[in-house]
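Architecture at a glance
In case you want the letters, here they are:
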Amino acid sequence: MAKSGSTFLALLTGAAIGAGLGMLYAPESGEETRRKLGENAKKTQDDLNKRYRETSSNLSQKAKKAKSDFEQRLEETLSSASFKADEILSSLELKLEELKKQNSKFQKDRKSESDDKANVDESVASKGNKNTGSAAV
């Protein structure tokens, strides 16, 4: 784009200098000189319009390509993030199942310990009743 700007500036400078020198050294009449200046101005205007259209078209194409590239990268990023989120959710679900199993086992062990303690208490109580019962007889 800098190249187009400097080319444009050089073109305008050249046209202005050429027009000025043409008027100073023109062997033709004033009418002929004005006609030639008009033609040169028209050529310069046409050239500027052509360069403007080319530059505008190039910028438009580059903008479309940049937009397309951005959308593609965004889609890839979102897809990757979605895949990673699915992996994380699956991992968390597995951990949750493990914790449920561990909790279930812990509850069974706790209930078993509680039952064993109750059996020991009953056993001690029944032995105590037998010992006190025979001493009283």
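Reference entry: report on the structure contained in this document. Residue numbers run consecutively from 1 along every chain, following the written order of its sequence. Only residues with pLDDT of 70 or above have their local features reported here, since the model is predicted, and side-chain atom pairs are shown and tallied only from 80 upward, although totals for entire chains, interfaces and linings are computed over all residues. Note that the side-chain values use all heavy atoms of the structure and ignore hydrogens as well as water.

Let's talk about the overall build of the protein chain
We count it as follows: Runs of H or I in DSSP of at least four residues are treated as helices and runs of E of at least two as strands, each being numbered from the N terminus. Under the scheme applied here, a residue whose accessible area is under 20% of the maximum for its type counts as buried, over 50% as exposed, and between as partly exposed, the area being computed with a 1.4 Å probe on protein chains only.
Along its length, the protein chain carries two helices and zero strands. Evaluated residue by residue, the protein chain yields a buried proportion of 2% over its 137 residues.

Considering the pattern of salt bridges
What counts, and what does not: Here a salt bridge means any side-chain nitrogen of Lys or Arg lying within 4 Å of a carboxyl oxygen belonging to Asp or Glu.
One pass over the structure, following the stated rule, counts four salt bridges. When the shortest N-O distance is used, the salt bridge between Lys42 and Asp46 registers 3.6 Å. Taken together, the residues Lys42 and Asp46, both in helix H2 (residues 30–136) and four residues apart, mark about one turn of the helix. Judged by its relative accessible area of 38%, Asp46 is partly exposed. Two residues, Lys65 and Asp69, come together in a salt bridge whose shortest N-O distance is 3.2 Å. With Lys65 and Asp69 both in helix H2 and four residues apart, the pair spans about one turn of that helix. In this structure Lys65 comes out as exposed when scored by relative accessible area, which is 53%. Overall, the relative accessible area of 25% leaves Asp69 in the partly exposed class.

What about a nonpolar patch on the surface?
Counted only if it meets this: The patch calculation keeps residues exceeding 30% relative accessible area without a salt bridge and links them within 9 Å when they carry like charges or within 5 Å when they are nonpolar (Val, Leu, Ile, Met, Phe, Trp, Tyr). Exposure was quantified through the Shrake-Rupley algorithm and a 1.4 Å probe, taking into account, for residues, occlusion by the shown protein chains and nothing else.
A cluster of nonpolar side chains, contributed by Ile17, Leu21, Leu24 and Tyr25, occupies part of the molecular surface with about 500 Å² of accessible area. Assignment of secondary structure puts Tyr25 in the loop between helix H1 (2–24) and H2. Note on Tyr25: relative accessible area 66%, which makes it exposed.

Details of the side chain of Thr44
To keep things clear, this is the line we draw: Distance and chemistry together define a polar contact, namely a pair of N or O atoms within 3.5 Å, with one atom able to donate a hydrogen and the other to accept it when in protein, and with adjacent residues in sequence counting only for side-chain atoms on both sides.
Here Thr44 is to be found in helix H2. Residue Thr44 is classed as buried on the basis of its relative accessible area, which comes to 19%. A distance of 2.8 Å separates a polar side-chain atom of Thr44 from the backbone oxygen of Asn40.

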